[in-house]
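Architecture at a glance
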Amino acid sequence: MDFNGGIVFMIAILIAKTGWLILNTIFNIWLTFWTSDSLGKSDNFYINWYVGIGVAYGVFAFLRALIFSFSNVRMSKHMHKEMIGNLLFSSLNEFFDRVPLGRILNRLSKDLNAVDSNFPSVFGNVLVFLFFLLGNTLVVVYCSTVWVLFPILIYVICCYFLKNYYMKPQRELVRLESISKSPIISCFTEILNGVATIRAYGKESSFFLKNCHKINENKKPQTARKGVEVWFTLRLTFLSFIVNVGSLAFVLFKDIPVPARACLLLVAALGFDDLTFYYIMNLSNFESELISFERCAAFMNLSPEPGYVEYLKNREILKIKNKERRQQGKSRFVGLWPERGEIKFIDFFVKYRPNLDPVLRGLSVTFAAGEKIGIVGRTGSGKSTIMMSLLRILESFKGQILIDGKDIAKMSLDDLRSAITIILQDPCLFAGTLREVLFIPLRTWIPWTSILMTI
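Residues numbered from 1 in each chain as written. Predicted model: local features only at pLDDT ≥ 70, side-chain atom pairs only at ≥ 80, totals over all residues. Heavy atoms only, no water.

**Description of the overall build of the protein chain**
Looking only at helices and strands, the protein chain features 16 helices and 4 strands. For the protein chain, contacts bridging at least 24 residues in sequence account for 75% of all contacts bridging at least 6. Split by element, the accessible area of the protein chain, about 27,500 Å² in all, is 64% carbon and sulfur. (Helix = DSSP H or I, 4+ residues; strand = E, 2+ residues; numbered from the N terminus. Contact = heavy atoms within 4.5 Å. Areas by Shrake-Rupley, 256 points an atom, 1.4 Å probe, with all protein chains shown as cover.)

See the structure below:
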C-alpha cells in the first residue's frame, strides 16, 4: 500500500467508488420512477435527470480509473527502481552465485509484468464487482422487502466457505506454475550457451527431451487450475438458486404496486450469480497476482555488499562526490592510489559463507611493488579466492589486506575496484571461428587446411 500512495490512495479510491456506487444505484432506480411516472412530471424532466445522473456516473468512473492509473505508475516505478537497485548492489558471492539466472529473469519479466499490467486491473475489478454486489443488494431491498436479506445472507455465507475451499488449491497451483517456469528459462539459457558443445557430442535429442519435460511439468498445474475453476463455477451456479428462487417467489406471490420494481428486482436478483462469480474469480486472480508481488518484493529486500552499505545510505550525496573525484582522476585518499602496488596479506582468513569453514587460513605474504607473481596450485587451493579477496567480492572475517599501506576493508568499493584491473579466466574477445577471427582479410581465398598447417 505504501508503494502506490498509502492512505491518500485508499481515501481517494473509497470516495470515487462510493460516489460511483450511489450514482449507479440511483441510475437503475430512476428508471422505475420514469416508467411508472411516480413523480408526475414530463418525459423531458426524467430524461434530463437521467442524462445528468449518467454523466455524473461517468465522471466518478473516470476518476476511479484515473486514480488507479496514477497509483499503478507510481507503484511500478518504485518497485522497478528498488529491484534493479538491489540487484546491482547485491553480493556476487552470496546472491548471484546461488540464485539461478532463470529465476532472476523470471522475476524481472513475468512477475514484474504481472505487477505492472495485471495487478492493478485485477484489484480494480475486485472493487468494481464488490460494489456492484452492494448496489444489487440495495436495489433488491428497495424493490422488495428487508426480509430478502435473509436468503442473501445465506447465499453470502455459503459462498464464503466455498471461496475458502476453492482458494487454497487455486493459490498453490498458481505458485507451482510460477516456480516451475524458472527451470524452463534456466534450461533454455544453458542450452543456448552450450549449443556448440551439445552439437559436438550429438546430444540434441537428449536436451530437447529435457526441455520438453520441464515444459510439461509447467503445464500440469495450469491444467489442474482450469479444472478447479470449472468445479467452482458449477457449484456457485447451484448456490445462486437461493437468491433467484426467493426473488421469483416474492414477485409471484406478493402484490407489488409498481410493475417496474418487479422487473428491476428480477434483473438484480438474476445478476447475483454472475456478479458473485466474477467477484470471486477476480479475487482469486488478485491473490494469484499477489504471489508475483511477493516474489518481486523479495528482490526489493536483498542485502547489499558490505562495502555498499554506507554508499546506499547517502547515495545521492556520494554520487556527486564520486563524479567530482573521477573527473579529477583521484580517489578519496590524498594523491593517486595505488602509487607503487605493494600488496600485503596479514594473518588473512576468509570464508565463502558465514556457516562454512575458512578457505584461506592465516595467509601472510607480501608481494613487492613491480613484481610479476604467478600462483600455482591444484583445483580448490585458493588461487581465485585470493583475487576475489583483493576485489572484496569475499569479505575477510579476520586479518587485513594492505595495498600501498592502505587497508582495503576501509575503502569504498568504487575506489578499490576502479583502481584494480583483472582479466577473467575465460575471456571472449571476438565471436566466430578461428578462421574468421584471425584471418578476416584473407579468409576469402586462403584454404582452411593452409591455416591449420600454419598454426
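**What to know about the packing of aromatic side chains**
Evaluation of the coordinates by the stated rule reveals 15 aromatic pairs. The rings of Trp 20, Tyr 57, Phe 129, Phe 132 and Tyr 278 are connected pair by pair, giving a single aromatic cluster. The residue whose ring lies beneath Lys 17 is Trp 20, and the NZ or CZ to ring-centre distance is 5.3 Å. Taking the ring centre of Trp 20 as reference, the NZ or CZ of Arg 64 above it sits at 5.0 Å. (Phe/Tyr/Trp six-rings, centres within 6.5 Å; stacked < 30°, edge-to-face > 60°. Lys NZ or Arg CZ within 6 Å of the ring centre and 35° of its normal.)

**Some thoughts on the nonpolar core**
In this structure, Phe 232 and Leu 236 are the most contacted members of the largest nonpolar core, which totals 53 residues. For this core, the secondary structure elements donating two or more residues are α1 (7–36), α2 (43–88), α4 (101–143), α5 (149–193), α7 (204–239), α9 (259–270) and α10 (272–299). Tallying contributions element by element places α4 first for this core, with 13 residues. Each residue touching Phe 232, except ones within four places of it in the same chain, is listed here: Leu 162, Lys 163, Tyr 166, Phe 277, Ile 280 and Met 281. Judged by nonpolar contacts, the second largest core, of 18 residues, contains Ile 343, Phe 348, Val 350 and Leu 394. (Core = buried A, V, L, I, M, F, W, Y, C linked by side-chain atoms within 4.5 Å. Buried < 20%, exposed > 50% of the residue type's maximum accessible area, 1.4 Å probe, protein only.)

**Notes on the pairing of strand β1 (residues 343–350)**
Relative to strand β2 (residues 360–367), β1 is paired through 5 bridges, and the arrangement is antiparallel. Opposite Ile 343, over in β2, you have Phe 367 as the bridge partner. In this sheet, strand β3 (residues 396–403) lies alongside β1 in antiparallel orientation, the contact comprising 6 bridges. Among the inter-strand pairings, Phe 345 is bridged to a residue of β3, identified as Ile 401. (Pairing = 2+ DSSP bridges.)

**What about the pattern of salt bridges?**
Any two side chains of opposite charge can pair if their charged atoms end up close together. Enumeration according to the criterion identifies 8 salt bridges in this entry. Between Glu 177 and Arg 225 there is a salt bridge; the shortest N-O distance is 3.2 Å. Of this pair, Glu 177 sits in helix α5 while Arg 225 sits in helix α7, and the two are 48 residues apart along the sequence. Its salt-bridge partner being Glu 342, residue Arg 340 comes within 3.7 Å of it at the nearest N-O pair. Taken together, the salt bridges that share partners define one network made up of Arg 107, Asp 111 and Arg 295. (Salt bridge = Lys/Arg side-chain N within 4 Å of Asp/Glu carboxyl O.)

**Here we look at the side chain of Asn 106**
Residue position: Asn 106 is located in helix α4. Residues in contact with Asn 106, not counting those within four places in the same chain, are Asp 111, Ser 178, Lys 181, Ser 182, Ile 185 and Arg 295.

**Focus on the sheet that holds β3**
The 4 strands lie next to each other as β2-β1-β3-β4, forming an open sheet whose pairing is antiparallel. Of all strands in the sheet, those with a lone pairing partner are β2 and β4 (406–407), marking the two edges. Sheet strands touched by helix α13 (residues 383–390): β1, β2 and β3. Its angle to β1, the strand with the most contacts, is close to 110°. (Axes fitted to C-alpha atoms, helices over the stretch in contact; angles between N-to-C directions.)

**Remarks on α10**
Within an α-helix, residues lying three or four positions from one another point in the same direction, as the helix has 3.6 residues per turn. For α10, with 28 residues, the first-to-last C-alpha span of 41 Å sits near the 40 Å given by 1.5 Å per residue. In terms of burial, α10 is a largely internal element, 21 of the 28 residues being buried. (Expected span 1.5 Å × (residues − 1).)

**Some details on the layout of surface pockets**
Where empty space is left in the structure can be found by rolling a water-sized probe over the atoms. The calculated volume of the largest pocket comes to roughly 820 Å³. Along the walls of the largest pocket sit 26 residues, with Met 387, Leu 390, Ile 420, Thr 421 and Ile 422 positioned nearest its centre. Top contributing element to the lining of the largest pocket by residue count: α13, with 6 residues. Split by residue class, the lining of the largest pocket holds 18 nonpolar, 6 polar and 2 charged. Of the voids in this model, the second largest pocket is the one considered here, and its volume is about 340 Å³. Taken together, 18 residues line the second largest pocket, and the ones lying closest to its centre are Ser 91, Asn 93, Glu 94, Pro 306 and Pro 354. Here the residues of the lining of the second largest pocket are counted per class, giving 9 nonpolar, 3 polar and 6 charged. (1 Å grid on protein atoms, 1.4 Å probe; cavity = no way out; pocket = protein on both sides within 12 Å on 5 of 7 lines; lining within 4 Å. Points joined across faces, edges and corners; volume = space filled by probe spheres on them. Nonpolar A, V, L, I, M, F, W, Y, C, P; charged D, E, K, R; others polar.)

**Let's talk about the confidence of the model for the protein chain**
The predicted model of the protein chain averages 78 in pLDDT, with 84% of residues at 70 or higher. No element of the protein chain has a lower mean pLDDT than helix α16 (residues 448–454), which averages 53, and none a higher one than β1, which averages 88. (pLDDT = per-residue confidence, 0-100.)

**What about the environment of Leu 88?**
Within the secondary structure, Leu 88 is located in helix α2. Exposure remark for Leu 88: the relative accessible area of 63% places this residue in the exposed category. For the pair formed by Leu 88 and Pro 304, sequence separation is 216 residues and the distance between their alpha carbons is 8.6 Å.

**Side note on the packing of α7 against α10**
As a packed pair, α7 and α10 sit with axes 10 Å apart at the nearest point and diverge in direction by 150°. Compared by their axis directions, α7 and α10 come out roughly antiparallel. Here the hand of the crossing between α7 and α10 comes out right-handed. Counting all contacts with α7, which are made through Glu 229, Phe 232, Thr 233 and Leu 236, the residues of α10 involved are Asp 273, Thr 276, Phe 277, Ile 280 and Met 281. Of the residues contributing to the contact of α7 with α10, the split by class is 5 nonpolar, 2 polar and 2 charged. (Parallel < 35°, antiparallel > 145°, perpendicular 65-115°, else oblique. Left-handed = near helix turned anticlockwise from the far one by under 90°.)

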